[in-house]
Amino acid sequence: MEIVRKTLLFTPKNGFIAFLSDVFGEETAKSLVEKYRIGTTKDGYAVFYQFDIRDRCRAGKIIPYNPRTGHRIKDGSVPAAMWVHSRLKALHQLPDDWTLSQCLFGEHLLPLCPELPVALVEAEKTAVICSAVFPEFLWLATGGLGQFNDRVKVLLGRHVIAFPDLGACDRWRKKAKDYPLLDITVSDYLEKNATPQQREMGADLADLVVEERRNDRASI
């Protein structure tokens, strides 16, 4: 936790924080960063920590973002994603036999919002952005398309609506059937509402939300 706390800075140096501030304003951006405990590396990359339902930090995914577009930097100049534990092992601050055991991103919020239905998405960024626009849901993320797995068992007893990215609806519906004790509905909202251009760029729910918000601001 000492390592985590050192990175919990609200700074425009972080490309993702700069993007949130541009879209939602600094006050909302700060509340989102605090809610999801988003860290910042010395390089200005976002750290999405995974705190479990018992408030233990399981992992930290490091992702560089373009502050203007809010998209990952994938030009080859930096890795598209890195892990805190890998850096700590390289610095001999974690034992070599330490094993990664992931949980849902945002899982620590479950006990704090027992009355809210859960909205489950793939990307951490999507969960954070949608939380600002649709506060009637508790937004959590699996961390990727193929990460819909046993970590969802923590959602037992909660009503869950899953919003997979474009093209992943059938895959997540099949996965949901592997957990018959869970109340999970897989939504095809993206499939029904994405434009051809958004499909071509592989947009996710956050892209639709941000585009609509920016269009609304432009029309004022």
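Keep in mind it's a predicted model, so treat the numbers as computed, not measured.

Visitor: Any details on the packing of helix α2 (residues 15–24) against helix α3 (residues 26–36)? Residues and values, ideally.
Guide: Close contact between α2 and α3 brings their axes to 7 Å; oriented N to C, the two are set at 135°. Relative to α3, α2 is oriented oblique. Relative to α3, the crossing made by α2 is right-handed. Contact residues: α2 offers Ile17, Leu20, Ser21 and Phe24, while α3 offers Glu26, Thr28, Ala29, Leu32 and Val33.

Visitor: Please set out the environment of arginine 72 residue by residue, giving values where relevant.
Guide: Among the secondary structure elements, arginine 72 is positioned in the loop between β3 (57–63) and β4 (82–83). In this structure the C-alpha to C-alpha distance between arginine 72 and glycine 15, which are 57 residues apart in sequence, comes to 9.4 Å. Discounting chain neighbours no more than four positions away, the residues touching arginine 72 are Ile63, Pro64, Tyr65, Ala80 and Ala81.

Visitor: Tell me about the pairing of strand β6 (residues 138–141), and name the residues and values.
Guide: Across the two faces of β6 the burial is the same, with Leu138 and Leu140 and Trp139 and Ala141 all buried. In this fold, the crossover linking strand β5 (residues 118–121) to β6 by way of helix α5 (residues 124–133) has right-handed handedness.

Visitor: Quick rundown of the packing of α3 against α5? Include the residues and the values.
Guide: Between α3 and α5, whose axes approach to 10 Å, the crossing angle comes to 125°. One finds that α3 runs oblique with respect to α5. Seen from above, α3 lies across α5 with right-handed handedness. Mapping the contact onto sequence places Thr28, Leu32, Lys35 and Tyr36 in α3 and Ala127, Val128, Ser131 and Ala132 in α5. Broken down by class, the residue content of the contact of α3 with α5 amounts to five nonpolar, two polar and one charged.

Visitor: Break down the sheet that holds β4 for me, with residues and values.
Guide: Ordered by their spatial adjacency, four strands build an open sheet running β1-β2-β3-β4, and the pairing between neighbours is antiparallel. Each edge of the open sheet carries a strand with a single partner, namely β1 (38–40) and β4. Bridging between β3 and β4 involves two bridges; their strand directions are antiparallel. Paired with lysine 61 across the strands is tryptophan 83, a residue of β4.

Visitor: Account for the state of the cysteines, with residues named and values stated.
Guide: In a disulfide, the sulfur atoms of two cysteines are held together by a covalent bond. Applying the stated criterion to the full structure yields zero disulfides. Free cysteine cysteine 113: the closest other cysteine sulfur is in cysteine 103, separated by 16 Å. Cysteine 130 forms no disulfide, and the closest cysteine sulfur to it belongs to cysteine 169, at a distance of 16 Å.

Visitor: Now, about the sheet that holds β6: what can you tell me, with residues and values included?
Guide: Ordered by their spatial adjacency, four strands build an open sheet running β6-β5-β7-β8, and the pairing between neighbours is parallel. For this open sheet the edge positions go to β6 and β8 (183–186), each flanked by a neighbour on one side alone. Averaged over all adjacent pairs, the angle separating strand axes in this sheet is 25°, with direction ignored. The strands touched by α5 are β5 and β6; relative to β6, the strand with the most contacts, the crossing angle is about 170°.

Visitor: Which residues make up the packing of aromatic side chains, and what values do they have?
Guide: Evaluated as defined, the whole model comprises 11 aromatic pairs. Between the aromatic rings of phenylalanine 16 and phenylalanine 48, the centroid separation amounts to 5.5 Å while the plane-to-plane angle is 70°, which identifies the pairing as edge-to-face. On the criterion of sequence distance, the pair formed by phenylalanine 16 in helix α2 and phenylalanine 48 in strand β2 (residues 46–51) is long-range, its members being 32 residues apart. Ring pairs connect the aromatic residues Phe16, Tyr36, Phe48, Tyr65 and Phe105, which therefore count as one cluster. Between the NZ or CZ atom of arginine 37 and the centre of the ring of phenylalanine 51, over which it lies, the distance is 4.4 Å.

Cut-offs applied
Residues numbered from 1 in each chain as written. Predicted model: local features only at pLDDT ≥ 70, side-chain atom pairs only at ≥ 80, totals over all residues. Heavy atoms only, no water. Axes fitted to C-alpha atoms, helices over the stretch in contact; angles between N-to-C directions. Helix = DSSP H or I, 4+ residues; strand = E, 2+ residues; numbered from the N terminus. Parallel < 35°, antiparallel > 145°, perpendicular 65-115°, else oblique. Left-handed = near helix turned anticlockwise from the far one by under 90°. Contact = heavy atoms within 4.5 Å. Buried < 20%, exposed > 50% of the residue type's maximum accessible area, 1.4 Å probe, protein only. Right-handed = clockwise from strand over helix to strand, strands pointing away. Nonpolar A, V, L, I, M, F, W, Y, C, P; charged D, E, K, R; others polar. Pairing = 2+ DSSP bridges. Disulfide = S-S within 2.5 Å. Phe/Tyr/Trp six-rings, centres within 6.5 Å; stacked < 30°, edge-to-face > 60°. Lys NZ or Arg CZ within 6 Å of the ring centre and 35° of its normal.

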